[in-house]
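Report on the structure
Chain by chain, the residues:
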Amino acid sequence: MTLISFVVPAFKVQGYLRECLDSILGQPFGDIEVIGVDDASPDDSGEILAEYALRDPRVRPVLLAENVGLGPARNIGLDRAVGEYVWFVDGDDWLVPGCLPHVADRLRDTAPDVLIVDHVRAHWNNTGTRSAMRDVFPVPPGAATFALRERPETLKLLHTAWNRLVRREFLLERGLRFEPGWYEDVSFSYPALMAAGRIGVLDRICLNYRQRRTGAITKTRGDRHFEVFAQWHRVFALMDRWKVTGLRPAVFERMIWHYLTVLGNGDRIAPELRAPFFAQMHADYVRFLPPEGYPVPPGAEGLKHRLVAAGRWRTFSALREAHQAGETARRARRRVTPVVRRTARRARDLALGEYYRAELHRPIDPTLAVYAAYWYRGYSCNPAAIYEAARRLAPQVRGVWIVRRDRVSALPPGVEYVVAGTREYHRVLARARWLVNNVNFPDFVRKRQGSVHVQTHHGTPVKVMGLDQQRYPVGAMGMNFAGLLRRVDRWDYSITSNSFSTQMWERAYPADYTTLEVGYPRNDRLALATAEDRGQVRAALDIAPDEYVVLYAPTHREHLPGWRPPFDPDRMLDVLGPRGRLLMRSHYFHDRERHPRGPAADGVRDVSAYDRVEDLYLAADVLVTDYSSAMFDYAVLDRPIVVYAPDWDAYRVARGVYFDLLAEPPGAVALDFPGLLDVFRSGAVDDEVAELARTAFRARFCALDDGHAAERVVRRVFLDETP
């Protein structure tokens, strides 16, 4: 028997239907069928279904002679389904890549009557909002199934058909069908939950719920929104017929919540229909109110419930109008405020610019060193290692860090700092003798005679950088190369970790600076780390001594914003075994996407927000990366490295690379995700071939990383000692 039958109704979705079908058929799981129901769509939706059916036997198109509506179209698909489970996916939504194996595993392992999956709302302007899954289940329910009376909060999940899979025999046994009319999900989803003996929840985003700019019924005004009442009447009729006990208060609360949601949406109920809609709400309140009462929400929402109970439309309407007037005033203030703020900001910037220029005429502070890293993101990388060495070897030098306001709390205790953009920030930039950064300081910073600018960089280059990017315009989009050269001309020293980097930087950043080829200061800790250091870090990260830790740290793709290499952490954990742990770290360019959290029950931990990446290197047994400079740092530890490069050909063409990483890798190589899993299954992760590759890689790139690179920088730059 087929495991999953997808029922996909299609009506005026020709612009989205291909993406929907591709997202289903392209899943790494094939035990499916797709029943596409062309509901007499006036566009090319039917032709698209027929086209897909010709090239994939799993697609079974059904062409209706006349339009029957979403609910009956789903029923027609259900009648033709042969799968053990049915998933009703609308033709304008699409599945998340790689989700289906997880869904299938849960279905097979727990045999639920209903399995609810998570989703995100994908808005037309390319933004997304999460579902209420985390709010309803702050602690994920796991794989255990339950009855609705055991977890009545499940009713607060969105009551749609597309966020759940339902066992087909269960639907047939209970006679559950979709009713005609709008809001057809109501009289299907709630009864299915009430009748189910086994409900499961998969805490994994599996579907993108498209929020269309036009064409959705939620943005269509008219009296058809009154059909919501009939759908809810059917819910209570089934409760009475089935003699469902204990759930009526929770279901009643959902009904009133839904009515208020429909009424409160100005895109649905026209002004002249609001009073009669409210009157029907009041009638249903009186008709279906449980004898024992129900949990009335607190605050403003509870006030709405009480006004509905009393039938006080005028008061309800007046309060709504007052609220809307307040919102209008707030929006007006928001429109004015940016103009005021921009004007104030320009005035402030002009004042700070004048202040900076005035400070340039004051003497340089002969003891002041200013440090920064990653565009003021915090205390890290080579500048942090140099700062610490300077405190020890050159205590007469006063070190001050520049950080963004939101990163102040991440600074170690005792570190002096100024906040970027402030008056103090402009003062130290103007008067510092030493300016140390792993990127460039802003364009307004002037190179003063007697000041020393130290460019530490933040990695050994795999991808092309600097002026070399001019040959790869896709990856260099928006770059100002003349401005880049003006910034490079401020450098006095360029810190490199190996001869290869020296050659590439001199080609990419041609200027009259002095190269200090001394190793990378940030790697000193790795070179000197002991087994005790490693144990302390693992203990701090709650990692047991016998656990096998894989750190996955991909780089970003400038030419493909938002793209991520295909990577399934759960399947990786399956291969690693019961003692496997997976640490996942995004590139620092994506720090706004970081969601720090503790160890997850499934052995996966997001460590993107962890400030000291060196701790993660020490904790890991294996590094998996692609084109990130992390491989050069991690190689200092002489531990296994796996290059996972699923887009190697495209990357080197679009972004450009300095050497053939596949020909000179630091260990095993995988070009797709199954291949990555095979590297670990087969033992190739640390076999003789991988070890020989790592040895050659270390000899080429890590020979100077002996634990004293920061000291060499301090002695040359701060103490003016010649090695």
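Reading the values: rules and limits
- Residues numbered from 1 in each chain as written.
- Predicted model: local features only at pLDDT ≥ 70, side-chain atom pairs only at ≥ 80, totals over all residues.
- Heavy atoms only, no water.
- Helix = DSSP H or I, 4+ residues; strand = E, 2+ residues; numbered from the N terminus.
- Buried < 20%, exposed > 50% of the residue type's maximum accessible area, 1.4 Å probe, protein only.
- Lys, Arg positive; Asp, Glu negative; His and termini not counted.
- Salt bridge = Lys/Arg side-chain N within 4 Å of Asp/Glu carboxyl O.
- Polar contact = N/O pair within 3.5 Å; in protein donor to acceptor, adjacent residues only side chain to side chain.
- Contact = heavy atoms within 4.5 Å.
- Core = buried A, V, L, I, M, F, W, Y, C linked by side-chain atoms within 4.5 Å.

Turning our attention to the environment of Glu321. With respect to the helices, strands and loops of the structure, Glu321 is situated in helix 12 (residues 313-360). Judged by relative accessible area, Glu321 falls into the exposed class, the value being 51%. In this structure, the C-alpha to C-alpha distance between Glu321 and Ala389, residues 68 residues apart in sequence, is 64 Å.

This part is about the side chain of Arg164. Turning to its location among the elements, Arg164 is positioned in strand 8 (residues 164-167). In this structure, Arg164 is buried with no salt-bridge partner, the nearest side chain bearing the opposite charge being Asp185 at 7.9 Å. Reaching out from Arg164, the side chain makes a polar contact with the backbone oxygen of Thr160 at a distance of 2.8 Å. Within the local environment of Arg164, its side chain forms a polar contact with the side chain of Asn163, the two groups lying 2.9 Å apart. In this structure Arg164 touches Val86, Trp87, Val114, Leu115, Ile116, Leu158, His159, Ser189 and Leu193, once residues within four positions along its chain are discounted.

Looking now at unusual backbone geometry. The backbone of Lys243 shows a phi angle near 55°, a positive value even though the residue is not glycine. If you trace the backbone, Lys243 turns up in the loop between helix 8 (227-242) and helix 9 (248-264). Its relative accessible area of 69% is what places Lys243 among the exposed residues. Unusually for a residue other than glycine, Asp542 sits at a positive phi of about 60°. Turning to its location among the elements, Asp542 is positioned in the loop between helix 18 (531-540) and strand 17 (548-552).

Here we take up the nonpolar core. A general trend in soluble globular proteins is that nonpolar side chains are found buried together. Residues Phe170, Trp232 and Val251 are the most contacted members of the largest nonpolar core, which totals 66 residues. Residues contacting Val251, with those up to four places away along its chain left out, are Leu155, Met194, Trp232, Val235, Phe236 and Met239. Judged by nonpolar contacts, the second largest core, of 51 residues, contains Leu467, Tyr472, Trp505 and Leu618.

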